[in-house]
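What follows is the residue order along each chain.
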Amino acid sequence: MTAARTRAGLLRDPAVGPLITGRTLSTLAVWFTNIAAAIIVYELTRSASAVALITTAQFAPQLLVVPLTGARADRADRARQMLAGTLVTASGSALLVTWSLTVGLTRASDAVVVGAAAALTGIGFAIGGPASQSLIPVLVRPDELADALALTSLPIMVARATGPAVGAILYVRVGATATFGVSLALHLVMVTVLIAIRRRLAVERTAQAGDGRAR
C-alpha cells in the first residue's frame, strides 16, 4: 500500500485541488457580495439598520437551512447539491449585475433588490456548503482524511481574512456593478470545476436506517 499523500500532494489531486481552489474563490465571492452590498445599501439609505438587514438576509439561511441541507448531503448526490447551491449563490450576483445595468442602483427602494440578492447568496451557500464538506471523505483514503479535512478550512480562512478588504477595494476602484460581476465570475469558476470533475464527485444515494430527519 502506498503512503498517504501529504497536504501538498492532496492539493495536486485532480479532484481535491480544484475543489479546494474553487471553494476558495466562491467563498471569496460571497464576501465580496456581502461587503459591496453593505456599502451600497448604506449609500442608498443612510441607514445602519438597513445594512444590518442585508447582512442578516445573507447569513440567516445558514442558521435556518443548513440543518436540512446537511442531512440531505449525507443521503443524496453531494456533487449535484453543491452544484445547485453554487448556481443559486451565483444567481444573487447575477441579479445585482442585471439590475445595476438595466435599472440602476440609485434609489433607496433598490435596497430591497440588494436584500433579495443577498438572501439568494446566503441560501445558495447554505445549500452547497454542507455538500462540499461531505465530498472530501469520498475523494481521499481513510489515512488521508485528517489532512484533507484540514484543507477544507482553507477556503473559509482565506475568504474571511481577505474577502472584506478586497471587496471594499474593488468597490472603491471599479464600482458596485463590476464588483458584483467579479463575484459572479468567481462563482461560475466553481460551477465549471464541479462540471469538470462531476463523474469523480458523483456519490450514489445511500439508505440509512431509522429516523433520518434533521430534528
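Up top is the structure.
Every value quoted in this text rests on a predicted model; they were computed, and no experiment measured them.

A. Structural context of the overall build of the protein. In terms of regular secondary structure, the protein is built from nine helices and zero strands. Reading the helices (α) and strands (β) of the protein from amino to carboxyl end gives α-α-α-α-α-α-α-α-α. Counting across all 215 residues of the protein, residues that qualify as buried make up 44%. At a minimum sequence separation of 6, the contacts of the protein that also span at least 24 residues come to 85%. Accessible surface for the protein amounts to roughly 10600 Å². Of this, 66% is attributable to carbon and sulfur atoms.

B. Representation of unusual backbone geometry in the model. Residues other than glycine seldom take positive phi values, yet Arg46 does so here, at roughly 55°. Considering the arrangement of structural elements, one finds Arg46 in the loop between helix H2 (16-45) and helix H3 (48-73). Taking the relative accessible area as the measure of exposure, Arg46 reaches 59% and is therefore exposed.

C. Region of interest: the environment of Asp110. Inspection of the secondary structure puts Asp110 in the loop between helix H4 (78-102) and helix H5 (111-139). Looking at Asp110, the relative accessible area reads 1%, which means it is buried. Taking the C-alpha atoms as reference points, Asp110 and Val41, 69 residues apart in sequence, are found 8.3 Å from one another. In contact with Asp110, other than residues within four places in its own chain, are Leu44, Trp99, Gly104 and Leu105. A polar contact is formed between the side chain of Asp110 and the side chain of Trp99, at a distance of 3.2 Å.

D. Here's a closer look at the packing of helix H7 (residues 154-174) against helix H8 (residues 176-196). Here H7 crosses H8 at 135°, and the two axes come no closer than 7 Å. When the interaxial angle is binned, H7 and H8 end up oblique. In this structure, H7 crosses over H8, and the sense of that crossing is right-handed. Each of Gly167, Leu170, Tyr171 and Val174 in H7 lies in contact with H8, whose residues at this interface are Ala176, Ala178, Thr179 and Val182. Of the residues contributing to the contact of H7 with H8, the split by class is six nonpolar, two polar and no charged.

E. Just the nonpolar core, in detail. Residues Leu19 and Met82 are the most contacted members of the largest nonpolar core, which totals 20 residues. Within the residue set of this core, elements represented by two or more residues are H2, H4, H5, helix H6 (145-152) and H8. When sequence neighbours within four positions are dropped, the list of residues in contact with Met82 reads Leu19, Arg23, Gly128, Ala131, Ser132, Leu135, Met190 and Leu194. With 19 residues, the next largest nonpolar core counts Val51, Leu105, Ala111 and Ala176 among its residues.

F. Looking closely at the environment of Thr69. Checked against the element boundaries, Thr69 lands in helix H3. Its relative accessible area of 10% is what places Thr69 among the buried residues. Residues Thr69 and Gly128, spaced 59 residues apart in sequence, show a C-alpha to C-alpha distance of 8.0 Å. Every residue in contact with Thr69, bar those within four places of it in the chain, is listed here: Gln81, Ala126, Ile127 and Pro130.

Thresholds applied
- Residues numbered from 1 in each chain as written.
- Predicted model: local features only at pLDDT ≥ 70, side-chain atom pairs only at ≥ 80, totals over all residues.
- Heavy atoms only, no water.
- Helix = DSSP H or I, 4+ residues; strand = E, 2+ residues; numbered from the N terminus.
- Buried < 20%, exposed > 50% of the residue type's maximum accessible area, 1.4 Å probe, protein only.
- Contact = heavy atoms within 4.5 Å.
- Areas by Shrake-Rupley, 256 points an atom, 1.4 Å probe, with all protein chains shown as cover.
- Polar contact = N/O pair within 3.5 Å; in protein donor to acceptor, adjacent residues only side chain to side chain.
- Axes fitted to C-alpha atoms, helices over the stretch in contact; angles between N-to-C directions.
- Parallel < 35°, antiparallel > 145°, perpendicular 65-115°, else oblique.
- Left-handed = near helix turned anticlockwise from the far one by under 90°.
- Nonpolar A, V, L, I, M, F, W, Y, C, P; charged D, E, K, R; others polar.
- Core = buried A, V, L, I, M, F, W, Y, C linked by side-chain atoms within 4.5 Å.

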